[in-house]
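Listed below are the residues making up each chain.
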Amino acid sequence: SQTIHQWPATLVQPVGSPLSLECTVEGTSNPNLYWYRQAAGRGLQLLFYSVGIGQISSEVPQNLSASRPQDRQFILSSKKLLLSDSGFYLCAWSAGTAAFFGQGTRLTVV
Amino acid sequence: DQQVKQNSPSLSVQEGRISILNCDYTNSMFDYFLWYKKYPAEGPTFLISISSIKDKNEDGRFTVFLNKSAKHLSLHIVPSQPGDSAVYFCAAIGGNAGGTSYGKLTFGQGTILTVHP
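Residues numbered from 1 in each chain as written. Chains lettered and ligands numbered in written order. Predicted model: local features only at pLDDT ≥ 70, side-chain atom pairs only at ≥ 80, totals over all residues. Heavy atoms only, no water.

A. Just the side chain of Q6 of chain A, in detail. Residue and element names in this part refer to chain A. Relative to the helices and strands, Q6 is located in strand β1 (residues 3-7). Among the polar contacts listed, one links the side chain of Q6 to the backbone oxygen of Y89, at a separation of 2.6 Å. A polar contact is formed between the side chain of Q6 and the backbone nitrogen of G104, at a distance of 3.2 Å. Here Q6 is in contact with E22, C23, W35, Y89, L90, C91, G102, Q103, G104 and T105, once residues within four sequence places are set aside. (Helix = DSSP H or I, 4+ residues; strand = E, 2+ residues; numbered from the N terminus. Polar contact = N/O pair within 3.5 Å; in protein donor to acceptor, adjacent residues only side chain to side chain. Contact = heavy atoms within 4.5 Å.)

What follows is the structure, given as C-alpha cells:
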C-alpha cells in the first residue's frame, strides 16, 4: 500500500532563516506530488505541483520554492523566511481521481 | 476567484441525526468531486468522491450527491457520531481544458462539524 511521509511535524524558525521541508512517498511510481498550505482560518491552497523529476509548477507567487530530486521525493524550501510564511504545510500525492495527504508540518516563523 | 465554496463555516448536529454538508462550485469543467475530513494538526483524510457523470455515491454512512445543473454537491452522514466531529473540506479535480489539471485539487474553505452526544 502507498504511504506518504512528511517531516518535521512542527518547526519554529526565525524570520530570515532558510527552510527545508521534505516529503517522500512509498508504494507507487511516478506519482503527481503537491505542496498545499493551510493558513489560519482558511482552506487549503495549492502552492506547487510536480508531474515528474525536476518538473515543478508554481500556482501562486511567493517566497517559497519546490524541488523534486527523485521520483518519490518532494522538497519545499525557502532561502529567507517571512512572518507571512507561517502556516500548516501539507504534502500530497495523487492517484488521478483523489489525493492523499501527509500529516502536515506546522511552521511558525517568529 | 473562489471556484469551490462552502458557505457554512460550521454545523452542529445531535448524535444519531443526519449531517448535511454543502458545497457549491463555479467551474463546469471539474471532473471529480471529493470530500475530506480533517482533524487539527493532521493531514486531511479522503472520505468519498464522485465523478461528474454520476449523481450519487454511497459508502457506508457517507453519501455524496451531485447536482450538476445547480453546480452543487452535498455530503450526508447518517447516523452522525461524535467521532465525526472535524473540519470537512469539499474539493474538485479538473477544471482545465484538455485534461491538464494533473490531479490538482481546488478546495473549499471547510465546514466545522460538531456532533453532540
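B. Region of interest: the pairing of strand β2 (residues 10-13) of chain A. All names here are of chain A. Of the two faces of β2, only the one carrying L11 and Q13 is buried; T10 and V12 on the other face are not. Judged from the four bridges that link them, β2 and strand β11 (residues 105-109) form a sheet pairing that is parallel. Residue pairing across strands places Q13 opposite V109, the latter belonging to β11. (Buried < 20%, exposed > 50% of the residue type's maximum accessible area, 1.4 Å probe, protein only. Pairing = 2+ DSSP bridges.)

C. Molecular detail of the state of the cysteines. Evaluation of the coordinates by the stated rule reveals two disulfides over all chains. Here C23 of chain A engages in a disulfide with C91 of chain A; their sulfurs sit 1.9 Å apart. Between C23 of chain A and C91 of chain A the disulfide shows an S-S torsion of about -75°. By sign, it is left-handed. Of this pair, C23 of chain A sits in strand β3 (residues 19-26) while C91 of chain A sits in strand β9 (residues 87-94); the two residues are 68 residues apart in sequence, bridging distant segments of the chain. According to the relative accessible area criterion, C91 of chain A is buried, its value standing at 0%. Across the disulfide from C23 of chain B sits C90 of chain B; the S-S distance is 2.0 Å. Its S-S torsion of approximately -70° makes the covalent link between C23 of chain B and C90 of chain B left-handed. With C23 of chain B in strand β3 (residues 19-25) and C90 of chain B in strand β9 (residues 86-94), this residue pair connects regions lying 67 residues apart in the sequence. Residue C23 of chain B shares its accessibility class with C90 of chain B, and that shared class is buried. (Disulfide = S-S within 2.5 Å.)

D. Just the packing of aromatic side chains, in detail. Counted by the stated rule, this structure contains 14 aromatic pairs over all chains. Between F101 of chain A and Y36 of chain B the ring centres are 5.5 Å apart and the planes differ by 90°, which places this aromatic pair in the edge-to-face class. Of this pair, F101 of chain A sits in strand β10 (residues 99-101) while Y36 of chain B sits in strand β4 (residues 30-38), which puts the two residues in different chains. Comparing F101 of chain A with Y36 of chain B shows no difference in burial state: the two are buried. (Phe/Tyr/Trp six-rings, centres within 6.5 Å; stacked < 30°, edge-to-face > 60°.)

E. Main features of a nonpolar patch on the surface. Together, I18, I20 and V78 of chain B give the surface a local cluster of nonpolar side chains, amounting to about 220 Å² of exposed area. Since its relative accessible area comes to 37%, I20 of chain B is described here as partly exposed. (Patch = residues over 30% accessible without salt bridge, like charges linked within 9 Å, V, L, I, M, F, W, Y side chains within 5 Å. Areas by Shrake-Rupley, 256 points an atom, 1.4 Å probe, with all protein chains shown as cover. Salt bridge = Lys/Arg side-chain N within 4 Å of Asp/Glu carboxyl O.)

F. Layout of the sheet that holds β3 of chain B. One open sheet holds the five strands; their spatial order is β1-β3-β8-β7-β6 (chain B), and the pairing between them is antiparallel. With one partner strand each, in any of the chains shown, β1 (4-5) and β6 (56-59) of chain B form the two edges of the open sheet.

G. How the structure looks around the pattern of salt bridges. Going through the model one piece at a time under the given rule, you end up with three salt bridges over all chains. E59 of chain A is the salt-bridge partner of K104 of chain B, the closest N and O atoms lying 3.4 Å from each other. Here K104 of chain B is found in the loop between β9 and β10 (105-107), whereas its partner E59 of chain A is found in the loop between β6 (55-58) and β7 (65-70) on a different chain. Classification of K104 of chain B as buried rests on a relative accessible area of 12%. You can call E59 of chain A partly exposed: its relative accessible area is 36%. We note a salt bridge from R68 of chain A to D71 of chain A, for which the minimum N-O separation is 3.3 Å.

H. Expanded view of the interface of chain A and chain B. Listed by partner, the interface residues are 22 residues for chain A and 18 residues for chain B. Both sides of the chain A and chain B interface together cover about 1,600 Å² of buried area, and 64% of this is carbon and sulfur. If you sort the residues of chain A by the area they bury against chain B, L44, T97 and F101 of chain A come out on top, with a joint share of 29%. Viewed at the interface, chain B and chain A are joined by one salt bridge. Remark: the boundary between chain A and chain B carries five residue pairs in polar contact (both at pLDDT 80 or more). Of the residues assigned to the side of chain A that touches chain B, the class counts are twelve nonpolar, eight polar and two charged. (Buried area = accessible area lost by both parts, 1.4 Å probe. Nonpolar A, V, L, I, M, F, W, Y, C, P; charged D, E, K, R; others polar.)

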